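A look at the structure
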Amino acid sequence: MAGILYLVATPIGNLEDITYRAIRVLNEVDLIAAEDTRNSIKLLNHFDIKTPMTSYHEHNKYEKAEELVNKLVAGKDIAVITDAGTPGISDPGEELVRQCYDAGVTIVPVPGACAAINGLIASGLPTRRFAFEAFLPTDKKERKLVLEELKSETRTMIIYEAPHRLGKTLIELSSTLGNRNTTICRELTKKHETFFKTSLEDAASYYSDNEAKGECIIIIEGLSFETIEEESRKQWESMSVPEHIAMYLNQGMDKKEATKQVAKDRGVPKRDIYEFAKEM
């Protein structure tokens, strides 16, 4: 009978955030696959966990995943842990999960700390709908495409960034997205945890002169539907009302339909457009 792959969330800073279930699973499995064994050994030692560990990281994720899947198929239970937080989120655990599905191996998540969610809920920005972007691409072309895509994103955005790149990234975001509300989260769950609620422009200005310490999360408000409607209305300002009506008439609409659509486009009452339509 095949073993089980456990995706075990570990603390993102404060060791008290580990769950009883996580400790039990890490004690009971046959092997722990860790993103950085040098970092994870501190966690295991703190909780007196003696389970053997093996390295599973970005640079060996394909071949090592095959090796781990073979062990799972042979009946071994394996737990995957990341340096901090939930495995499979912006780390190589994603590839192992994919290969486990192909091999018919059972996958069991063991929930716990997640930096993205902790940052979001404490940001003071809307939480009902959000988009997790993790780290922006380092490739210039791909990065530009992603940033352009985010311009029209209506959900709250969550972006990870290293402290030494924070200032530059905030300048890019401010330049591309405009001056949105934002919260910069640092050192989550640790002694110097901070939440800096401000604007993108002010955050970019501050962190251009002051380097951040610790891993950072940038939470950015999405584009409001009111702003989208306003920008849509502005697109019609270069066209006169008669030209606007004529455009729809040429598309096959009757005068009544065209009048209604022009009013909707411009965000004005139909009667304001009707006077123009009467003369056409």
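Preceding block: the structure.
Notes on the structure follow. Just so it is clear, the structure is predicted and the values come from calculations on it, not from any experiment. (Residues numbered from 1 in each chain as written. Predicted model: local features only at pLDDT ≥ 70, side-chain atom pairs only at ≥ 80, totals over all residues. Heavy atoms only, no water.)

1. Quick word on a nonpolar patch on the surface
- There is a patch of nonpolar side chains on the surface, built from Ile117, Ile121 and Phe130 and spanning about 270 Å² of accessible area.
- Tracing the backbone shows Phe130 in strand β6 (residues 130-135). (Patch = residues over 30% accessible without salt bridge, like charges linked within 9 Å, V, L, I, M, F, W, Y side chains within 5 Å. Areas by Shrake-Rupley, 256 points an atom, 1.4 Å probe, with all protein chains shown as cover. Salt bridge = Lys/Arg side-chain N within 4 Å of Asp/Glu carboxyl O. Helix = DSSP H or I, 4+ residues; strand = E, 2+ residues; numbered from the N terminus.)

2. Focus on the sheet that holds strand β5 (residues 106-110)
- In space, the 5 strands of this open sheet follow the order β3-β2-β4-β1-β5, with parallel pairing throughout. At either end of the open sheet lies a strand with only one pairing partner, and these are β3 (53-55) and β5. Ignoring strand direction, the axes of neighbouring strands in this sheet form an average angle of 25°.
- Note: strand β2 (residues 31-34) against strand β4 (residues 78-81), 4 bridges, orientation parallel. In the sheet register, Ala33 faces β4, and the bridge partner there is Val80.
- Contacting β2, β3 and β4, helix α2 (residues 37-46) crosses the sheet at an angle of about 155° to β3. (Pairing = 2+ DSSP bridges. Axes fitted to C-alpha atoms, helices over the stretch in contact; angles between N-to-C directions. Contact = heavy atoms within 4.5 Å.)

3. Section: unusual backbone geometry
- The backbone phi angle of Asp48 is positive, close to 55°, even though this residue is not glycine.
- Note on placement: Asp48 falls in the loop between α2 and β3.
- Notably, Ala134 is not glycine yet its phi reads approximately 55°, a positive angle.
- With respect to the secondary-structure elements, Ala134 resides in strand β6.

4. Let's talk about the nonpolar core
- Core analysis: the biggest nonpolar cluster contains 19 residues, and Leu166, Leu170, Leu173, Ile218 and Ile220 have the highest contact counts within it.
- Elements with a minimum of two residues in this core: α6 (140-150), β7 (156-161), α7 (166-177), α8 (200-209) and β10 (216-220).
- Other than its neighbours up to four places away in sequence, Ile220 contacts Leu125, Arg155, Thr156, Met157, Ile159, Leu173, Leu177, Arg180, Asn181, Thr182 and Leu200.
- Formed by 17 residues, the second largest nonpolar core is a distinct cluster that contains Tyr6, Val8, Ala22 and Ala34. (Core = buried A, V, L, I, M, F, W, Y, C linked by side-chain atoms within 4.5 Å. Buried < 20%, exposed > 50% of the residue type's maximum accessible area, 1.4 Å probe, protein only.)

5. Considerations on the layout of surface pockets
- Space inside the largest pocket adds up to approximately 1000 Å³.
- Along the walls of the largest pocket sit 38 residues, with Thr82, Asp83, Ala84, Gly85 and Glu215 positioned nearest its centre.
- Broken down by secondary-structure element, the contributors of at least two residues to the lining of the largest pocket are α2, α3 (61-73), α4 (93-103), β6, β8 (181-186) and β10.
- The biggest single contributor to the lining of the largest pocket is α2, with 4 residues.
- Here the lining of the largest pocket is built from residues that sort into 18 nonpolar, 8 polar and 12 charged.
- Its boundaries defined by the atoms lining it, the second largest pocket holds a volume of some 220 Å³.
- As for the second largest pocket, its lining consists of Phe135, Leu136, Thr138, Lys140, Arg143, Lys144, Leu147, Glu161, Arg165, Lys168, Thr169 and Glu172.
- Of all the secondary-structure elements, those providing two or more residues to the lining of the second largest pocket are α6 and α7.
- Broken down by element, the residue count for the lining of the second largest pocket peaks at 4 residues, all from α6. (1 Å grid on protein atoms, 1.4 Å probe; cavity = no way out; pocket = protein on both sides within 12 Å on 5 of 7 lines; lining within 4 Å. Points joined across faces, edges and corners; volume = space filled by probe spheres on them. Nonpolar A, V, L, I, M, F, W, Y, C, P; charged D, E, K, R; others polar.)

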